[in-house]
Amino acid sequence: MTPRVIEITSLDDPRLADYAHLTDVALKKARGTEHGLYIAESLLVLQRALAAGHEPRSVLALGASVDDAIAALGDRDIPVFSGPGELLEELTGYVLHRGLIAAMHRPALPTVSSLLKGATRVVILENVADPTNVGAIFRSVGAIGADAVLVTPRCSDPFYRRSIRVSMGTVLQVPWTRVGDWASTRALLSASGFHIAALALAPDAVALREFAARAPERVALVLGAEGEGLTAEAVAAADTVVRIPMAHGIDSLNVAATAAVAMYALA
C-alpha cells in the first residue's frame, strides 16, 4: 500500500474537517479516534512523529511538499490532500509556510511507573499554562538531557499545536505523562528512589551549584507556573528547595530558562 494523493477542489469533503479551524481542545475530542488528534506542522515534525511510532490520519500538503509527505509516509495507506494555496489557506485559516501539516492520532499516555523505571533525571511541570513555555522546556529536555517529563493536571497539554511547534517536535520524542496529586506523585517518586528538587524562592533554598555538586543519582526537578511559581503542596513534597542565584535585583527567570539552566547544571 502507498499514500493516496487526493486533489482538493472544494472544502466540502468531510475528511478535511481535521484542518478546518479546529482548536486544540476540539482536536483532542475528535470523532473516530481513541485518544484524539494533534497537528504536526512541517516535514521535520511529521518525521519525528512517525519515528516515535505515532500514526497519521491524513496529511495536507502544498505543491512540492506532496512528494515529501509520500516519502515520509512510506507504505502507509494514508490520504494526502493537496490543492491550491489559496484554498488550503481558506481551509486552515493560515498560509502553509512549512509546506505540510498532518492530523496525527494521539497515543495512549504511558504510566508514571514505566517512565521512572531506569530514569535518573525527570522534570515535573506544575501548572505551567503557556504552551510556548511547555514547548521550550521540552526542547531543552531533549537537547540537554532528561529521561522524562511529568505534567500536573492543570499544566498545558504538550500536544497542543504551539507546544509542538516551539519544541521543534521534541514533545513527540521525549516520554511524558500526567500525574495526580502531590501525595501520590511523591509516593511514586520516592518508591523509585528519586530525590525531589523544587525550584523556588525560599529562605532555606540551596544554591543550584551547591546542590548540583552533591546531587543524588536520581533527581526530579520541579518547576512551577509562570508568575505564581510552585504551590505550597509542591514545595512541601520536595526533599530540597533549590534556587538559582540572581544579580541586579532580579529574583527569577522565565520558567523555560530556569529549566534549561537547572538541567545543564545537573547534566
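Presented here is an overview of the structure given in this document.

Reading the values: rules and limits
Residues numbered from 1 in each chain as written. Predicted model: local features only at pLDDT ≥ 70, side-chain atom pairs only at ≥ 80, totals over all residues. Heavy atoms only, no water. Helix = DSSP H or I, 4+ residues; strand = E, 2+ residues; numbered from the N terminus. Buried < 20%, exposed > 50% of the residue type's maximum accessible area, 1.4 Å probe, protein only. Contact = heavy atoms within 4.5 Å. Pairing = 2+ DSSP bridges. Right-handed = clockwise from strand over helix to strand, strands pointing away.

### Quick look at the environment of alanine 225
Tracing the sequence through the fold places alanine 225 in the loop between β11 (219–223) and α10 (232–237). Classification of alanine 225 as buried rests on a relative accessible area of 9%. Once residues lying within four places of it in the same chain are set aside, the contact partners of alanine 225 are Glu126, Asn127 and Val128.

### Description of the side chain of threonine 170
Structurally, threonine 170 is set in the loop between α7 (161–166) and β8 (176–178). Take threonine 170: its relative accessible area is 9%, and that puts it in the buried class. Setting aside chain neighbours within four positions, we find threonine 170 in contact with Arg48, Phe138 and Arg139.

### Quick word on the pairing of strand β6 (residues 121–125)
When you tally the buried positions in β6, you get five out of five residues, the bulk of the element. Residues Arg121, Val123 and Leu125 line one face of β6 and the alternating positions Val122 and Ile124 line the opposite face, and both faces are buried. Pairing of β6 with β11 involves five bridges; the strand directions are parallel. From the neighbouring strand, valine 123 faces β11, where its bridge partner is leucine 221. Looking at chain direction, β6 and strand β7 (residues 148–151) are connected through four bridges and run parallel. When the sheet's bridge partners are listed, valine 123 is paired in β7 with valine 149. A crossover connection joins β6 to the parallel β7 through helix α6 (residues 131–145); in handedness this β-α-β unit is right-handed.

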